[in-house]
Each structure stands twice: as C-alpha cells, then as structure tokens.
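Remarks on the overall topology
Below are the chains, spelled out letter by letter.
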Amino acid sequence: MFRPEETAKRGRRVKLTVNGTGHDIKDVEPEMPLLWVLRDELGLTGPKYGCGIAQCGACTVHIDGVAVRSCQVAAGDVWGAVTTIEGLGTPEAPHPVQAAWIEHQVAQCGYCQSGQIMQAASLLAETPAPSDADIDDGMSGNLCRCGTYPRIREAVKTAAAKLSGG
Amino acid sequence: MAGLKTIARRTFLIGSAAIVGGVAFGVYKYKTPPANPLLDDLPEGAAALTPYVLITQQSITLITPRADKGQGAISVQAALIAEELDVELDQIKTDPGPPSPAYYNTALSGDAVPFRSTDDSVLAETTRAVMDAPIKFLGLQITGGSTTVPDGYDKLRMAGAVARETLKEAAAQIHGLDVAALITERGAVILPDGTRVPYQALASTAATLEPATEVTLRAPEQWRLLGKPMQRVDIVSKSTGTQDYGIDQDHPGILHAAIRLNPAQGGEMRGFDASEAEKMRGVVKVVPLPGGIGVIADNTWRAFQAALAVEVDWGPAPYPAEMDGHWTALGESFTPAHQDSQFRDAGDVDAALSQGGDLAVEYRAPYLAHAPLEPVNATVLVGEGRVDVWTGTQIPRFVQKNVALLTGIDAENVHIHALMIGGSFGHRLEDDVVRHATTLAMAMPGTPIKLTYSRGEDMTHDYPRQIAMARGQGRVSNGQVETFDLGIAMPSVMASQMGRQGLPAAGPDLQIVAGAWDQPFDIANYRVTGYRAPELAPISSWRSVGASSNGFFHDCLLDELIHAAGADPLAERLRLCNHAPSRAVLEAVGEMSNWGGALAARQGRGVGFCLSFGVPCAQVVEVSETDAGIKIDRVFVAADVGRILDPVNFEGLVKGGVIFGLGHAMNCEITYASGAAEQENFDSFPGMRLYQCPEIKVHGLESANKIRGIGEPPVPPAAAALGNAIFAATGTRLREMPFSKFVDFA
Ligand code: FES
Ligand code: FES
C-alpha cells in the first residue's frame with residue numbers, strides 16, 4: 001500500500017496495486033483518471049469508457065472492494081488496492097456474480113457488463129440479501145443501453161443466493 | 001387497394017432502373033453466384049466448402065458475416081450453419097469473414113418495395129425478387145432492418161448442409177464406401193463400423209470435390225440446436241471482461257487519437273490554432289480533418305485533453321440553427337408539392353371528413369441519438385500498398401470502398417477486420433469514424449492509429465433519428481372508428497443516409513410512412529400520406545427507422561379515435577384488424593394483461609400495436625400515477641416472428657426493445673441551439689435507468705408464414721402503449737415525445 005502524499009512528491013510517477021500486482025508507473029501525470037491508466041498504460045481493457053463523467057458506470061472497478069467510477073478517480077489519488085473485472089474471476093473460474101451473469105445470459109452487446117458486475121459484487125458485499133429497492137438503488141447508476149435490466153435484477157438475486165451458500 | 005396503377009408503375013421503375021444500372025455487366029451476371037472469397041488465401045489442405053464454412057486440419061470456422069452489435073447475430077448465424085453441419089457450438093470458431101459480395105443481404109429488399117409485409121400477392125413477391133438482383137449486384141453486406149435471421153435462415157442452413165454432404169462424399173471416397181451408409185455427428189463422419197472421422201481429417205479431400213448440389217434441409221422437428229435455449233457464444237467473455245471490442249484494440253506501436261468536429265454537424269472547419277495543444281504532454285500531431293481536427297497522442301485521455309485545447313474557427317450549421325426552424329419546416333411540408341406517397345387510401349376520406357371530423361390533432365417526435373455505450377472508434381494502419389482497418393461496422397463493403405478512395409490503395413488491399421460492437425441501434429451504419437481514422441493514419445504511415453470519439457463528440461455527431469411531425473383527423477360513428485386520416489412529414493432518412501455513401505435514393509421513401517401505411521386494419525375511410533420535408537439536420541436509421549416515430553403516431557391516433565367512439569381500445573383494434581397473426585398478438589396481450597380486469601385507483605392500462613419489419617407486436621402497458629410521478633408498473637408483449645430460433649435471446653431482445661422504446665419516449669431528445677446538439681452525454685440523454693424499468697412479460701408466437709428478426713419490432717409499439725396508458729390513468733393525452741416535457745416519471 002502506498003500513500004497519495006508520496007505519489008505527489010514523486011511527481012510524474014504513480015504506484016498502483018491492481019489485481020494483486022504492484023505497478024510502479026513512471027511518467028504518468030497523477031491527474032490522469034485511473035480508467036486511462038488501466039486501459040492505455042496497463043492494457044487492462046475490462047473497465048470500459050462510456051461517458052467519462054460518472055453517468056454510465058461502464059468504468060466501474062473496486063478500490064478496497066468498493067465500487068468506484070474509475071473515470072472519476074485521479075490515478076494519484078487512488079487510496080487502496082484496485083480490482084478490475086479481470087481480477088474478479090476468469091472464464092475458467094468465474095466469481096459467483098459472473099457465474100450468475102452467465103447463467104442468466106444477461107449480456108447483449110456486453111459493453112456495460114464489466115461495470116454492472118463490479119457494481120453488483122460491491123453491492124452484495126455490503127448488502128448480502130438485497131431487496132428490490134436495494135437493487136434499484138445500487139444498480140441505477142449503471143446504464144445499459146441494450147436494456148438488460150430485467151436480467152440484471154434476476155442475476156443479482158441469483159448471485160446473492162450463490163454467495164450466501166444458497 | 002387504391003393506387004394500384006401507381007404502384008405498378010413504380011414497381012416497374014424499381015425493376016428497370018436496377019436493370020439499367022446493371023446492363024454493363026449483363027442481367028446474367030446477377031444470376032451467377034458470387035465467387036467464394038475464402039478460396040483466396042486458403043491454407044494448404046484447408047477446404048472452404050461454401051463461403052460460410054472453413055475447415056482446416058486444425059479447426060472448423062463458421063463465417064458469420066452479419067455484424068454482432070449485441071443482438072446475438074454471431075450465435076444465431078453459427079447455430080444455423082451448425083444445425084445442418086452437425087457440429088456443436090463448442091467445437092467451432094466464428095469469424096466475420098472478409099467484405100465480399102458473397103455475403104449480400106437479400107432480406108433487405110423486403111422493406112425497400114412498396115408492398116405491405118402482409119401482402120404475399122404475386123405482384124409483391126415478384127417485385128421483391130426483382131429488388132434482390134440489385135442488392136446482390138451491389139453486394140450490400142449490410143446488417144440492418146432486423147434481417148440477419150430472415151436473410152440467413154435458408155442460406156446458412158443450406159451452407160451447412162452442402163458442407164456436410166461434401167464431407168460425407170470425401171469420406172466415402174477415402175474409405176471406398178457408399179455415401180448413403182454414412183452419418184454425421186459432432187463434427188465427424190461416422191463410418192458403418194462406428195469409426196469417427198473428424199471433419200478436419202477430410203478437409204484436404206473435400207477441397208478437391210465439387211460441393212454437393214442435392215441437399216434437403218431438415219424439418220424443424222429434427223433440429224438439435226435451433227428452437228431450443230442456447231448459450232450465446234459470447235456470453236462467457238462478456239461476463240468476464242475478456243471480450244475485446246473495437247475500442248480495446250492494441251497493436252505494437254499504437255497511438256491514440258481524439259477528434260473535435262464542428263459542433264454544428266457537417267459545418268466547416270475554417271481554421272485552427274494548435275499551438276497550445278501541441279505543447280501538451282504526449283501529443284504527437286494535430287491533423288486537420290474535413291469539418292474538424294484530430295489529435296494523435298500516446299494515450300487516449302491525453303488526446304481528449306489536447307483536442308479540447310485546440311482553438312478552432314467553425315462555420316455555421318448547414319441546417320436551421322434553432323429548433324423552431326426545424327419544426328416550422330416540418331409544419332410547412334404538409335402540402336401537395338411535398339407529397340411523397342399515399343399508398344393507403346381506402347374509401348373516401350375527404351367526403352367523410354366534410355361531414356365534420358371528431359378530431360384534428362398534431363403529433364411530434366424529436367431527433368434522438370443512437371448513443372450505444374461503446375463510443376465509435378476505429379484503428380487504421382496505412383502500410384505500403386496495404387491498409388488494415390479494425391472496427392465494428394454494419395457496412396463493411398462501404399468501409400472498404402471509402403478507405404480505398406481516401407488512400408488511393410485498391411479495395412482488395414484494404415483489409416477490414418470486423419470486431420465486436422458495443423451496441424449500435426443503427427449507429428454503425430455510418431462510417432465517418434473510419435474515414436477520419438484513415439485520414440489520421442495517413443498522416444503517420446506505418447503507425448496504427450486508434451481513433452476513439454469522446455462521448456461528447458459521439459453524441460453530438462450521431463446522425464440522429466429523424467425528427468417527425470404528424471397531423472391526424474378522423475371521424476367516428478355508431479361507437480366505431482369510421483374515418484382515419486394521417487399525414488406524416490419528415491425528411492428522408494434514406495436520402496440523407498445513402499447520400500453520405502454517394503448512392504441515389506430514388507422514388508418515394510417508404511420509411512416516411514413505415515409503421516403507418518402498412519398497418520393491418522380495415523377502416524371504412526383510411527388514408528396515410530407521406531410528406532417529404534426538406535433536408536434538415538443529417539439523420540440516419542435508428543432502431544426501427546420510420547416506424548420508431550410512426551408507430552407512435554398511428555397507434556395513438558387510432559387510440560384517440562377509439563376513445564372518441566366510446567369503444568374498448570383492444571376490442572375495437574381487434575374488430576378493425578384484418579391479419580390473423582396480428583389479431584393473435586393483440587389477443588395474447590389481452591389475455592396476459594387480464595385486459596378489462598380491475599385496476600387500482602390512479603392506475604391505467606394502454607394497448608399499443610405496430611406491425612414493422614413484417615412482425616406484428618402488441619404491448620399492454622400498466623402505469624400508476626404516484627406522488628413522485630408516473631410509474632410504469634408492468635408491460636405485456638406479444639410478437640410473432642414466424643419461428644423463434646433461440647427463445648432465451650428472443651426474450652432478451654424483446655425486453656431490450658421495449659426498454660429502448662419506453663426509455664426514449666419518456667426521457668430523450670436531441671435539440672439544436674446555435675446549430676449544436678444540446679445533449680452531449682448521458683446526464684441529458686439518459687435513456688432508461690434500472691429503477692424505471694417495469695416488469696416485462698413476453699410471449700412469442702410462431703404462426704406467421706415467414707421467419708423474421710426481432711431486433712426492431714418491439715420498439716415502435718412501446719411509446720404508443722405508454723402514451724395510451726398515461727391517457728387511461730390521467731386523462732392527459734401526450735402527443736409529443738419525450739413525455740417528460742409534460743409529465744414527471746417516478
Ligand atoms: S465512463 Fe466512468 S461512469 Fe461512464
Ligand atoms: S449490454 Fe449493451 S449496454 Fe448493456
């Protein structure tokens with residue numbers, strides 16, 4: 001773990017822990033949004049660019065397990081360990097939320113789904129048995145232009161059951 | 001039907017114009033199947049048995065030329081081939097294939113000719129067949145119009161069957177057996193003694209044979225894959241962040257580009273000062289473009305920032321700068337001089353209305369952005385005598401031609417790598433992004449340049465859905481709808497869109513009246529007139545095209561007349577309906593919603609119907625008036641696509657279409673001020689969010705005699721059903737979208 005003050009002192013250098021791996025990225029301005037450091041500097045393209053202004057959630061990642069919009073967090077301000085969709089689970093060993101997404105065949109174009117899944121995983125970590133209203137509140141910041149909301153609702157419930165051992 | 005003569009004359013024009021256009025090549029040319037493009041470049045020992053099946057010693061690849069923008073096109077195309085080829089979906093790879101005339105889309109002609117899709121008369125069928133010739137000739141490898149399934153239904157199954165029979169023939173030759181003694185299963189030919197010979201082992205022999213010509217397609221009762229729930233081939237990658245889209249392209253040495261175009265779309269770029277931008281971190285080059293500038297940098301965000309720092313002198317909008325000008329132009333288009341079509345004219349509307357109409361109303365539908373979640377992007381590498389383009393596109397052959405024109409490199413050396421698309425809704429029927437990326441890449445030959453539009457650039461240069469206005473009148477008598485007269489004015493989508501590809505759009509534009517003139521009702525006096533407004537802001541096809549506005553106009557006007565007659569909205573639609581599959585979907589939603597059953601106070605129920613792309617779709621929407629505003633509680637949908645190939649995907653697409661239709665009807669518009677689109681991001685163009693999403697119940701029917709696609713037909717009835725439900729709940733009739741201008745939504 002590192003502290004933002006140290007980053008600021010180093011100037012154009014950012015240290016990040018992403019999916020368990022430490023990165024010491026030289027020559028990146030600390031104000032660059034985390035999203036673009038992940039995508040263009042580290043080649044992690046699971047987090048998507050959709051709006052750049054916290055309106056769509058396609059860029060959602062976790063910092064210390066909590067969902068954040070990576071387009072809104074300056075790389076120099078990152079306060080903890082970053083997890084992207086690539087670090088949540090894999091095609092061979094999907095996270096229970098991903099498994100629920102596969103089971104319900106939620107994705108259409110799929111472009112929003114990395115963000116939806118990261119948001120849902122964070123929601124369930126905080127609220128293991130969400131009510132319909134909890135799901136509405138927790139997931140409404142994530143836009144899906146294809147309209148997969150009914151299956152997102154179902155998949156969140158299935159994932160909740162899976163995570164609680166049901 | 002009135003005007004049969006007019007139609008016959010137009011029919012002839014369509015046919016002969018196409019033939020005139022093709023004379024240089026001869027009509028015979030139309031009938032010759034295009035060459036199989038997989039035969040160029042074939043590895044040793046590989047067989048490309050048809051343009052859709054490629055078998056090497058290692059693998060089986062199915063070619064799925066229609067673009068996948070989220071509708072599951074790759075999966076359904078693969079399943080159609082695999083069903084007959086006798087391979088399982090986990091045994092194959094898919095590839096979009098090269099741009100080639102072999103992959104022409106024959107189903108598109110269905111909506112380009114002036115016959116209702118319910119019309120199976122000889123005249124209608126002949127005209128569709130004539131239209132097929134030019135489409136084949138032009139090789140329009142287009143994804144659109146909900147045509148992937150109708151176009152591929154026979155063609156892809158046939159491709160699988162031909163390949164299978166040829167592989168059996170190869171096995172028969174190698175093993176000295178009679179073909180009739182062989183069967184196929186899971187990617188192998190099974191010999192009578194039970195030996196499995198994998199297709200891969202037969203590839204080199206099969207390649208020396210003439211493909212089988214006598215094949216019969218299996219009856220649906222024999223299907224293994226089709227008609228049953230399937231797992232889409234992209235579902236795991238899309239759930240694990242491992243699906244690559246165009247925007248994720250990476251190549252050694254790649255640079256990232258951003259763009260800034262005249263905020264007034266299509267306006268000039270008169271000059272620019274890039275001195276500040278050029279000093280910025282990571283900026284490699286600032287390049288002038290038609291109508292704007294592009295910035296090449298070493299990181300997308302740096303390119304975005306630098307593009308904003310360029311000072312640009314913009315020319316004025318080539319269309320009215322303020323919305324008033326657009327609405328005025330539409331309002332002034334309801335004149336004989338602007339009349340584009342009147343394909344529906346039954347009874348005597350004028351005589352009936354001269355006795356006094358019961359209604360005279362005006363409806364409006366705004367410009368709308370497609371705004372798929374993945375902003376448009378393209379990666380282009382200009383090399384020595386060769387260009388590579390990586391992008392998601394619905395029009396690969398146009399892209400290839402346009403890149404060839406720009407670079408001066410022959411089309412055959414322009415390689416289009418078609419990629420997965422993060423949504424389109426018609427947006428990827430345009431290729432500006434590729435043209436701009438090519439111009440940028442030409443400034444840096446040898447370096448792959450990835451151009452990504454910022455959300456703001458994408459939304460404000462979207463080529464939106466048409467703006468449209470409708471004027472309706474009518475008359476009721478004895479509790480029934482007796483006279484229905486609808487005029488619709490809009491600019492021509494086809495002229496605007498095809499014009500950008502340098503193609504003429506001759507004749508009346510059916511999209512001006514689509515979803516209205518072709519509805520399956522018999523009303524004593526029934527007229528639908530299309531008026532072609534002058535070109536305003538440039539527009540393009542938006543999920544369901546003309547029907548996206550006209551379904552709302554037609555069905556709500558009908559609803560108003562039914563209420564004026566004091567009739568029941570569902571019963572009166574059924575009484576007027578003259579098409580069995582359409583009646584069936586109306587009856588289905590009636591049953592599903594318990595139509596006529598009791599509702600709570602401040603609740604209302606509305607029915608909406610539209611037949612578009614050959615698919616009748618009915619919806620019942622239930623709303624409540626709450627203290628926070630209108631809440632959509634439930635939606636019941638029934639649609640008939642003839643045959644459902646994947647029930648899971650079908651249900652998802654129907655729900656998605658309903659949400660798309662409702663979300664835009666509620667919340668969205670693109671408006672222009674000082675020539676620029678005022679909505680630049682999802683804060684002002686939200687679509688529907690999850691908390692507003694109602695419970696949706698879907699019922700698919702399979703009685704219609706032709707197979708159809710479901711991508712678009714659920715969109716048009718949604719706005720109408722919502723407007724009708726709000727009227728039922730509140731007594732307020734909404735005649736203009738977005739409804740949020742007039743009511744709050746909870
Ligand atoms: S890209 Fe970050 S919220 Fe949309
Ligand atoms: S699946 Fe396409 S945006 Fe959500």
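Residues numbered from 1 in each chain as written. Chains lettered and ligands numbered in written order. Predicted model: local features only at pLDDT ≥ 70, side-chain atom pairs only at ≥ 80, totals over all residues. Heavy atoms only, no water.

Some points on the overall build of chain A
Tallying secondary structure elements over chain A gives seven helices and five strands in all. Reading chain A from its N terminus to its C terminus gives the helix and strand order α-β-β-α-β-β-β-α-α-α-α-α. A compact globule built from 166 residues should have a C-alpha radius of gyration of about 15 Å, and chain A, at 16 Å, falls within 12% of that. Along the first, second and third principal axes, the C-alpha set of chain A runs to 45 × 30 × 30 Å. In chain A, buried positions account for 60% of the 166 residues. Pairs at least 24 apart in sequence give 55% of the contacts found in chain A among residues at least 6 apart. Only carbon and sulfur atoms are counted for the fraction: they give 49% of the accessible area of chain A, which is about 6,000 Å². (Helix = DSSP H or I, 4+ residues; strand = E, 2+ residues; numbered from the N terminus. Rg over C-alpha atoms; globule rule 2.2 N^0.38 Å. Buried < 20%, exposed > 50% of the residue type's maximum accessible area, 1.4 Å probe, protein only. Contact = heavy atoms within 4.5 Å. Areas by Shrake-Rupley, 256 points an atom, 1.4 Å probe, with all protein chains shown as cover.)

Some words on the overall build of chain B
Across its full length, chain B carries 20 helices and 27 strands. Per-residue burial over chain B gives 63% buried out of 746 residues. Within chain B, contacts between residues at least 6 apart in sequence are counted, and of these 77% link residues at least 24 apart. As displayed, chain B offers around 26,200 Å² of accessible surface, 52% of which is attributable to carbon and sulfur atoms.

Observations regarding helix H17 (residues 569–576) of chain B
Residue and element names in this part refer to chain B. With six of eight residues buried, H17 lies mostly within the body of the structure. Taken as a whole, H17 has its buried residues at Pro569, Leu570, Glu572, Arg573, Leu574 and Leu576. Of the surrounding secondary structure, the elements contacted by the buried residues of H17 are strand E20 (480–490), helix H16 (546–565), helix H18 (580–592), strand E22 (603–612) and helix H20 (715–730).

Section: the pairing of strand E21 (residues 525–532) of chain B
Residues and elements named next belong to chain B. Among the eight residues of E21, seven are classified as buried, and the element is accordingly described as predominantly covered. Strand direction decides the pairing type here: strand E13 (residues 339–346) and E21, joined by five bridges, are antiparallel. Opposite Arg344, over in E21, you have Val528 as the bridge partner. One ladder, built from eight bridges, connects E20 with E21; its direction is parallel. Of the residues in E21, the one forming a bridge with Gly487 is Thr529. (Pairing = 2+ DSSP bridges.)

Concerning the interface of chain B and chain A
Often, the extent of an interface is quoted as the loss of accessible area on bringing the components together. Tallying the contact residues gives 61 residues for chain B and 55 residues for chain A. Per-residue buried area on chain B facing chain A is highest for Trp301, Leu373 and Leu690 of chain B; these three make up 18% of the total on that side. The tally of links between chain B and chain A comes to six salt bridges. The salt bridge involving Arg281 of chain B is made with Glu29 of chain A; its shortest N-O contact spans 3.0 Å. Linking chain B with chain A are 32 residue pairs in polar contact (both at pLDDT 80 or more). For the side of chain B that touches chain A, the secondary-structure elements that each account for two or more residues are helix H7 (235–239), helix H9 (300–309) and helix H19 (647–667) of chain B. Grouping the amino acids of the side of chain B that touches chain A by side-chain chemistry returns 28 nonpolar, 19 polar and 14 charged. (Buried area = accessible area lost by both parts, 1.4 Å probe. Salt bridge = Lys/Arg side-chain N within 4 Å of Asp/Glu carboxyl O. Polar contact = N/O pair within 3.5 Å; in protein donor to acceptor, adjacent residues only side chain to side chain. Nonpolar A, V, L, I, M, F, W, Y, C, P; charged D, E, K, R; others polar.)

A few points about the packing of helix H7 (residues 149–163) of chain A against H19 of chain B
Direction vectors running N to C along H7 of chain A and H19 of chain B enclose 120°, while the axes themselves pass 9 Å from each other. Put simply, H7 of chain A runs oblique to H19 of chain B. Here Tyr149, Pro150, Arg151 and Glu154 of chain A of H7 of chain A come into contact with H19 of chain B, specifically with Val648, Glu651, Gly652, Lys655 and Ile659 of chain B. (Axes fitted to C-alpha atoms, helices over the stretch in contact; angles between N-to-C directions. Parallel < 35°, antiparallel > 145°, perpendicular 65-115°, else oblique.)

Considering the UniProt feature "domain: Aldehyde oxidase/xanthine dehydrogenase a/b hammerhead" (unreviewed entry) in chain B
UniProt marks residues 240–318 of chain B with the feature "domain: Aldehyde oxidase/xanthine dehydrogenase a/b hammerhead" (unreviewed entry), using the numbering shown here. When the span residues 240–318 of chain B is considered, its composition is 18% helix and 37% strand, and the gap between its end C-alpha atoms is 45 Å. (UniProt positions renumbered as here; feature names shortened; annotations may be inferred.)

A closer look at the domain arrangement of chain B
All names here are of chain B. Looking at the assigned domains, one finds that chain B contains domain 1 (2–105 + 140–239), domain 2 (246–317 + 376–452) and domain 3 (323–366 + 463–741). The C-alpha-based centres of domain 2 and domain 3 are spaced at 37 Å. Across the boundary between the two partners, domain 2 contributes 15 residues, which contact 15 residues of domain 3. Contact with domain 3 buries area across many residues of domain 2, yet Gln265, Phe425 and Glu430 alone supply 50% of it, more than any other trio. (Domains from an automatic or database assignment.)

Describing the nonpolar core
By size, the foremost hydrophobic cluster in this structure holds 191 residues, and its most contacted members are Leu34 and Trp101 of chain A together with Tyr367, Phe553, Leu662, Leu722 and Phe739 of chain B. Leave out the neighbours within four places in its chain, and Trp101 of chain A touches Val106, Gln113, Gln116, Ile117, Ala120, Ile152, Ala155 and Val156 of chain A together with Ser239 of chain B. If you look at the next biggest cluster of nonpolar residues, it comprises 43 residues, including Leu54, Ile60, Tyr103 and Val197 of chain B. (Core = buried A, V, L, I, M, F, W, Y, C linked by side-chain atoms within 4.5 Å.)

Some details on the sheet that holds E20 of chain B
All names here are of chain B. The five strands are arranged E13-E21-E20-E19-E14 in an open sheet whose pairing can be described as mixed. Since the sheet does not close on itself, it has two edges, and those belong to E13 and strand E14 (359–365), each with one partner. In this sheet, adjacent strand axes meet at a mean angle of 15° when their direction is disregarded. With respect to the sheet, helix H10 (residues 323–331) is in contact with E14, strand E19 (468–477) and E20, its orientation differing from that of E19 by roughly 45°. The sheet contacts of H16 involve E14, E19, E20 and E21, and relative to E20 the element is tilted by about 155°.

Some points on the state of the cysteines
Tallied over the full model, the rule gives zero disulfides over all chains. Cysteine Cys617 of chain B is unpaired, with the sulfur of Cys610 of chain B as its nearest cysteine sulfur at 8.5 Å. (Disulfide = S-S within 2.5 Å.)

Focus: H19 of chain B
The periodicity of an α-helix, 3.6 residues per turn, causes residues three or four positions apart to be oriented the same way. Between its first and last C-alpha atoms H19 of chain B spans 30 Å; for 21 residues at 1.5 Å apiece the expected length is 30 Å, and the two agree. Within H19 of chain B, 18 of the 21 residues are buried, leaving the element largely enclosed by the surrounding structure. (Expected span 1.5 Å × (residues − 1).)

Examining the environment of Ala725 of chain B
All names here are of chain B. Relative to the assigned elements, Ala725 resides in helix H20. Ala725 gets classed as buried once you look at its relative accessible area, which sits at 0%. Expressed as a C-alpha distance, the spacing of Ala725 and Gly392, which sit 333 residues apart in the sequence, is 38 Å.

So, the pattern of salt bridges
Going through the model one piece at a time under the given rule, you end up with 50 salt bridges over all chains. Two residues, Lys157 of chain A and Asp132 of chain A, come together in a salt bridge whose shortest N-O distance is 2.7 Å. Within this pair, whereas Lys157 of chain A is found in helix H7, its partner Asp132 of chain A is found in helix H6 (residues 132–139), the two being separated by 25 residues in sequence. Relative accessible area serves as the criterion here: at 41%, Lys157 of chain A is assigned to the partly exposed category. Given a relative accessible area of 49%, Asp132 of chain A falls into the partly exposed group. Each member of the salt-bridge network shares a partner with another, and the members are Asp27 and Glu29 of chain A together with Arg281, Asp298 and Arg302 of chain B.

Side note on the confidence of the model for chain A
Confidence along chain A averages 93 in pLDDT terms, with 92% of residues attaining 70 or more. Note that pLDDT drops below 50 for residues 1–10 of chain A; the model gives that stretch eleven contacts with residues more than four away or on any other chain. (pLDDT = per-residue confidence, 0-100.)

Topic: the sheet that holds strand E6 (residues 188–190) of chain B
Strand pairing in a sheet is mediated by backbone hydrogen bonds. Such pairs are either parallel or antiparallel. Residue and element names in this part refer to chain B. Taken together, three strands build an open sheet; the order of strands is E5-E6-E7 and the sheet is antiparallel. Both edges of this open sheet fall to strand E5 (183–185) and strand E7 (196–198), since each of them pairs with a single strand only. Strand after strand, the sheet turns through a mean of 30° between neighbouring axes, direction not considered. In this structure, E6 lies alongside E7, joined through three bridges in antiparallel fashion.

Some remarks on the packing of aromatic side chains
All names here are of chain B. A full pass over the atoms with the stated rule returns 17 aromatic pairs over all chains. The interplanar angle of 85° and the centroid separation of 6.3 Å between the aromatic rings of Tyr153 and Trp223 together place this pair among those described as edge-to-face. Residue Tyr153 is located in helix H5 (residues 148–175), and its partner Trp223 is located in the loop between helix H6 (199–206) and H7; the two are separated by 70 residues in the primary sequence. Accessibility assignment for this pair places Tyr153 and Trp223 in one class, buried. Look at Phe521 and Phe609: their rings are 5.7 Å apart centre to centre, the planes differ by 75°, and that puts the pair in the edge-to-face class. (Phe/Tyr/Trp six-rings, centres within 6.5 Å; stacked < 30°, edge-to-face > 60°.)

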